[in-house]
Amino acid sequence: MNETTAWMDEKYTQVYEDELRGLERRRAQDSSCTIRDIEGQLRSFYISQGNDQEGRGAVGDIVFEATIAAFEHFIAGWKRQGG
């Protein structure tokens, strides 16, 4: 792995895993949480990702990408389980 991009991969992985853990915890602990709630959050992330008027920079872009990927993964898994 290239040293100049290794930190990017590490950041992506950290955010992705943290988001998945948070989503799993939320689903387990909040009986009112529905797949539609999570999908609504994901839609807002899509909108925010496209609204980068100020230029959030490399770290901000990585955080958005990893967060969105985690939400997409979580939703797909929930749907496979019959969500």
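Parameters and conventions
- Residues numbered from 1 in each chain as written.
- Predicted model: local features only at pLDDT ≥ 70, side-chain atom pairs only at ≥ 80, totals over all residues.
- Heavy atoms only, no water.
- Helix = DSSP H or I, 4+ residues; strand = E, 2+ residues; numbered from the N terminus.
- Expected span 1.5 Å × (residues − 1).
- Buried < 20%, exposed > 50% of the residue type's maximum accessible area, 1.4 Å probe, protein only.
- Arc of directions from axis to C-beta.
- Contact = heavy atoms within 4.5 Å.
- Salt bridge = Lys/Arg side-chain N within 4 Å of Asp/Glu carboxyl O.
- Phe/Tyr/Trp six-rings, centres within 6.5 Å; stacked < 30°, edge-to-face > 60°.
- Axes fitted to C-alpha atoms, helices over the stretch in contact; angles between N-to-C directions.
- Parallel < 35°, antiparallel > 145°, perpendicular 65-115°, else oblique.
- Left-handed = near helix turned anticlockwise from the far one by under 90°.
- Nonpolar A, V, L, I, M, F, W, Y, C, P; charged D, E, K, R; others polar.

(A) Spotlight on helix 2 (residues 35-50). Compared with the 22 Å implied by 1.5 Å per residue over 16 residues, the 23 Å span of helix 2 between its first and last C-alpha is a close match. Considered for burial, the residues of helix 2 that qualify are Ile35, Ile38, Glu39 and Leu42. Down the axis, helix 2 shows its buried residues gathered within 100° of arc, on one side only. Opposite its buried face, helix 2 presents the exposed residues Arg36, Arg43 and Ile47, each directed more than 90 degrees away. Against the buried residues of helix 2 lie helix 1 (3-29) and helix 3 (57-80).

(B) Up close: the pattern of salt bridges. Inspection of every chain in the model, using the stated rule, returns 3 salt bridges. The partner of Lys79 in a salt bridge is Glu39, and the shortest N-O contact between them spans 3.0 Å. Residue Lys79 is located in helix 3, and its partner Glu39 is located in helix 2; the two are separated by 40 residues in the primary sequence.

(C) Here's a closer look at the packing of aromatic side chains. Taken as a whole, this structure holds 3 aromatic pairs when the rule is applied. Summarising the aromatic geometry, the rings of Phe45 and Phe71 are spaced 5.0 Å apart at their centres and angled 80° between planes, so their arrangement reads as edge-to-face. Here Phe45, found in helix 2, pairs with Phe71, found in helix 3; they are 26 residues apart in sequence, far enough to count as distant. Between Phe74 and Trp78, the aromatic rings sit 5.7 Å apart at their centres with planes inclined by 75°, giving edge-to-face as the arrangement. Of this pair, Phe74 and Trp78 both sit in helix 3, 4 residues apart, which is roughly one turn of that helix. By relative accessible area, which is 9% here, Trp78 ends up buried.

(D) Up close: the packing of helix 2 against helix 3. Put simply, helix 2 and helix 3 touch, their axes get as near as 10 Å, and they point 155° apart. As the angle between them shows, helix 2 and helix 3 are arranged roughly antiparallel. You can see that helix 2 and helix 3 cross each other, and the crossing is left-handed. Contacts from Ile35, Ile38, Glu39, Gln41, Leu42, Phe45, Tyr46, Ser48 and Gln49 of helix 2 reach helix 3 at Phe64, Glu65, Thr67, Ile68, Phe71, Glu72, Phe74, Ile75, Trp78 and Lys79. When its residues are assigned to classes, the contact of helix 2 with helix 3 shows 11 nonpolar, 4 polar and 4 charged.

(E) Expanded view of the environment of Phe74. You can call Phe74 buried: its relative accessible area is 9%. Residues in contact with Phe74, not counting those within four places in the same chain, are Leu20, Leu23, Glu24, Arg27 and Ile38.

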